[in-house]
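Residues per chain are reported as follows:
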Amino acid sequence: LPSVWAMKRKRRIATRKVDKWNSRLNFGGHKQVEGKHYDQTYAPALEWATIRLFLLLSIIKRWHTRQIDFVLAYPQAPVPRPTFMELPVGINFPNGVNRKEHCLEILQNIYGGKDSGRTWYLYLRGKLIDQLGFIPSKFDECVFYRGTTILLVYTDDCILIDKESQSNIDNLLKEMQAEFDIEDEGNLEDYLGVHVTRNKDGTILLSQPHLIQSILEDLQFIGPHQKSPP
């Protein structure tokens, strides 16, 4: 399979300042053949209706929340079948290694494959249930329960909610970090392109200022880089 580099800048939603620079080596999934390179592609994703419901409950019941991110999530799972990829450009290989005669054997699941998302979800679900004692929801495949803790999963961006304390979340994070490479992102602020603002009265405001700005610019209601009205 061909190799493809993907470069991306991640910005803070409120300020639009670059927060992360990402460089990922991907499969050229457009060249994959069903039945040869993959069988199934479906992987569930958390619905915004579910997110809003649990955020509403966290406000009413004063539950504690935390945002976490799985660092390079897909490669944390093993590749489901023998897979080979062309040598990527931009990397210096030892003398005698060339792109016409050699390739890479992929040992871990990587981005770009048609079934990469499914492979990661099944791996994550198995670990959560078998190793960490979570119970999956009967109504949403991306919601998991353990004691007083609720885990909401959107691919690699997750929200931890605990009905009792932040210390419960801290203890669970230590257990999860023994199984996964996880980054603790603290209080819920930017999630899936939505900025979360906590007001003094305890309510939460969900907004998408960059999306609104982009739409207004595309429709020429405002000029480029001109701030949209509140």
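Located above this text is the structure these notes cover.
Thresholds applied
Residues numbered from 1 in each chain as written. Predicted model: local features only at pLDDT ≥ 70, side-chain atom pairs only at ≥ 80, totals over all residues. Heavy atoms only, no water. Phe/Tyr/Trp six-rings, centres within 6.5 Å; stacked < 30°, edge-to-face > 60°. Helix = DSSP H or I, 4+ residues; strand = E, 2+ residues; numbered from the N terminus. Buried < 20%, exposed > 50% of the residue type's maximum accessible area, 1.4 Å probe, protein only. Lys NZ or Arg CZ within 6 Å of the ring centre and 35° of its normal. Patch = residues over 30% accessible without salt bridge, like charges linked within 9 Å, V, L, I, M, F, W, Y side chains within 5 Å. Areas by Shrake-Rupley, 256 points an atom, 1.4 Å probe, with all protein chains shown as cover. Salt bridge = Lys/Arg side-chain N within 4 Å of Asp/Glu carboxyl O. Core = buried A, V, L, I, M, F, W, Y, C linked by side-chain atoms within 4.5 Å. Contact = heavy atoms within 4.5 Å. Disulfide = S-S within 2.5 Å. Expected span 1.5 Å × (residues − 1). Arc of directions from axis to C-beta.

### Points about the packing of aromatic side chains
Here the structure, examined in full by the defined rule, presents seven aromatic pairs. The interplanar angle of 80° and the centroid separation of 6.2 Å between the aromatic rings of tryptophan 120 and phenylalanine 180 together place this pair among those described as edge-to-face. Placement of the pair is tryptophan 120 in helix H2 (residues 116-130) and phenylalanine 180 in the loop between helix H3 (166-177) and strand E10 (182-184), with a sequence separation of 60 residues. The pair tryptophan 120 / phenylalanine 180 is uniform in exposure class, with both members buried. Measuring from centroid to centroid gives 6.3 Å for tyrosine 123 and phenylalanine 180, while their planes differ by 90°, and the two rings are edge-to-face. Of this pair, tyrosine 123 sits in helix H2 while phenylalanine 180 sits in the loop between H3 and E10; the two residues are 57 residues apart in sequence, bridging distant segments of the chain. Assessed through its relative accessible area of 5%, phenylalanine 180 is described here as buried. One aromatic cluster in this structure is built from Phe70, Trp120, Tyr123 and Phe180. Here the guanidinium or amino end of arginine 24 rests over the ring plane of tyrosine 111, the centre of that ring lying 4.1 Å away. Taking NZ or CZ as reference, arginine 146 lies 5.9 Å from the ring centre of phenylalanine 134, over its face.

### Digging into a nonpolar patch on the surface
Together, Trp5, Met7, Val89 and Ile91 make up an exposed nonpolar region whose accessible area comes to about 390 Å². Looking at the element boundaries, tryptophan 5 is found in strand E1 (residues 3-11).

### Considerations on the nonpolar core
Ile68, Phe70, Trp120, Leu128, Leu151, Leu152 and Met176 are the most contacted members of the largest nonpolar core, which has 38 residues in total. Of all elements in the fold, only helix H1 (48-61), strand E3 (64-70), H2, strand E7 (143-146), strand E8 (149-154), strand E9 (157-162) and H3 reach the threshold of two or more residues within this core. With residues up to four places along the chain from it excluded, the contact list for leucine 152 reads Leu46, Phe54, Cys142, Val143, Asp157, Cys158, Ile159, Ile161 and Tyr191. Counting five residues, the second largest nonpolar core, distinct from the first, contains Phe27, Met85, Ile106 and Ile110.

### Looking at the state of the cysteines
Taken as a whole and judged by the stated rule, the model has zero disulfides. Cysteine 158 carries a free sulfur, and the closest cysteine sulfur to it, the one in cysteine 142, is 9.0 Å from it. When its relative accessible area of 0% is taken as the criterion, cysteine 158 is described as buried.

### Description of H3
The end-to-end C-alpha distance of H3 is 16 Å, a good match for the 16 Å that twelve residues give at a rise of 1.5 Å each. Residues of H3 that are buried include every one of Ile169, Leu172, Leu173 and Met176, and no others. All buried residues of H3 lie within an arc of 110° about the axis, which places them on one face of the element. Looking at the buried residues of H3, the elements they touch are E3, H2, E7, E8, E9 and E10.

### Description of the environment of tryptophan 63
Looking at the element boundaries, tryptophan 63 is found in the loop between H1 and E3. Judged by its relative accessible area of 15%, tryptophan 63 falls in the buried class. Between the C-alpha atoms of tryptophan 63 and glycine 202, which are 139 residues apart in sequence, the distance is 11 Å. The contacts of tryptophan 63, once residues within four sequence positions are left out, are Phe54, Leu57, Ser58, Ile150, Ile161, Asp162 and Lys163.

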